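Residue-level listing of the chains:
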Amino acid sequence: MFEPSEHRPTEAIVDLNAIQHNVRLMLDQLTPEQKLYATVKANAYGHGAVPVAKAALEAGAKGLLVATVDEAIELRTNGLSQVPILVLGLTDPLGIAELLHYNITITVSDSDFFRLAYQQLEATNQLSLLDLYHLKFHLALDTGMGRIGLRTVAEVEQFIEDVSAFKWVEWEGAFTHFATAGGGPQDYIEYQFEQWQQLIAVVPDTVPLKHFANTAMGMWHPYEPKSDIIRFGIGMYGIDPLDRPLAELPEFERQLQPALQLISEIIYTKKVPKGHSISYGATYTTTTDEWIATVPIGYADGWLRRYSVIEVLVGGVACPIVGTINMDQMMIRLPEALPIGTPVTLIGKDGHLENHASELAQKVDTISYEIFCGISNRVPRIYLKD
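Residues numbered from 1 in each chain as written. Predicted model: local features only at pLDDT ≥ 70, side-chain atom pairs only at ≥ 80, totals over all residues. Heavy atoms only, no water.

An unreviewed UniProt entry annotates the chain as Alanine racemase of Globicatella sulfidifaciens DSM 15739. According to its UniProt record, the chain has this under Sequence similarities (unreviewed entry): "Belongs to the alanine racemase family." Regarding the chain, the UniProt comment filed under Function (unreviewed entry) reads as follows: "Catalyzes the interconversion of L-alanine and D-alanine. May also act on other amino acids." (UniProt positions renumbered as here; feature names shortened; annotations may be inferred.)

## A short note on the UniProt feature "binding site: substrate" (unreviewed entry) in the chain
When the UniProt feature table is mapped onto this chain, "binding site: substrate" (unreviewed entry) is found at Arg147 and Met327. Maximum C-alpha separation among the annotated residues is 33.8 Å over a sequence range of 181 residues, too wide for a single clustered spot. Summarising the element assignment, Arg147 is placed in the loop between strand S6 (135–140) and helix H7 (153–163). Taking relative accessible area as the criterion, Arg147 reaches 56% and is therefore assigned exposed. Those residues in contact with Arg147 that lie beyond four places of it in its chain are Asp142 and His177. With respect to the element layout, Met327 can be found in the loop between strand S17 (317–322) and strand S18 (330–334). (Helix = DSSP H or I, 4+ residues; strand = E, 2+ residues; numbered from the N terminus. Buried < 20%, exposed > 50% of the residue type's maximum accessible area, 1.4 Å probe, protein only. Contact = heavy atoms within 4.5 Å.)

## A look at the domain arrangement of the chain
Accessible area lost when the parts come together is the quantity often used to give the size of an interface. In terms of domain boundaries, the chain breaks down into domain 1 (16–248) and domain 2 (260–355). Here domain 1 and domain 2 have C-alpha centroids that lie 41 Å from each other. (Domains from an automatic or database assignment.)

See below:
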């Protein structure tokens, strides 16, 4: 795994004030009974799990969402010892001792997990842990995502019967995930909500948390009964789930504040005569005498080869990337000679221009989630907070 490269000027600047602004903005849309959980999986979408989690909790989030047990343990071992942490993915029952020790809430799709977990504790002479801890879990329900979860009323009823045998578990929640809330056929949302209502009707009333809303569902689809938890993801990072152009955004999304800038500097410049090629494959040839600058970022940092269609911002001017993006460096064409050390903005604002992640995603036929998550650990994260 890459370690942050502290000896070059490429950095991701994360504004924790923006994270908190976005959390409070979403909280203003909720009823007092609803809770907001901050989605900090995948290193908080590349923003940094621990700092983002702490900022979100300060702003009013009541819990945290991760994808893996390792992500949950990272939060626990960095001072977040009391807050609820739910692992959204399925976990290995062989790790039951750590789950109990770190008080991690898990997702299950069947009762086999509990049987295998009990056998693991028995085999390792750790059954005494069940005298000290209960294991909290949420049941996944598949209403049409096709990923994990029980699909039928009969399956849920069988689960209820089976889980009653395990007195050391605490059934805290049940949830589903909507496949098209952030893009796709809108009538599929109606279909999934009907499936959700059928399945959740079977879940006992003693299960306190029943949730279906991610950022998109929380902002645009206020179904009744409401989702007990809003799983606040991409909106927390200041991005519209549909990556729409800024001019098309509704009022609420216009108030979101992007939290991440990706910046670097010019480390070398040269005047290249007409007819000379740049970078691997000689895919770019100068058409006149051109000022070419080298910037220390490449696909090993998450600035992928296909991002060569994106213009970067230098001194308030959009400058094209020329030639193939390298593993560690890339070249850009300047409007004039500029000194070494001149800032280069890849994501963020420079003067009256902005490289907004949503607009970049449209240019390279992806989503902003992928752009953020792709920024590698080699790029240091620098945090701003009042």
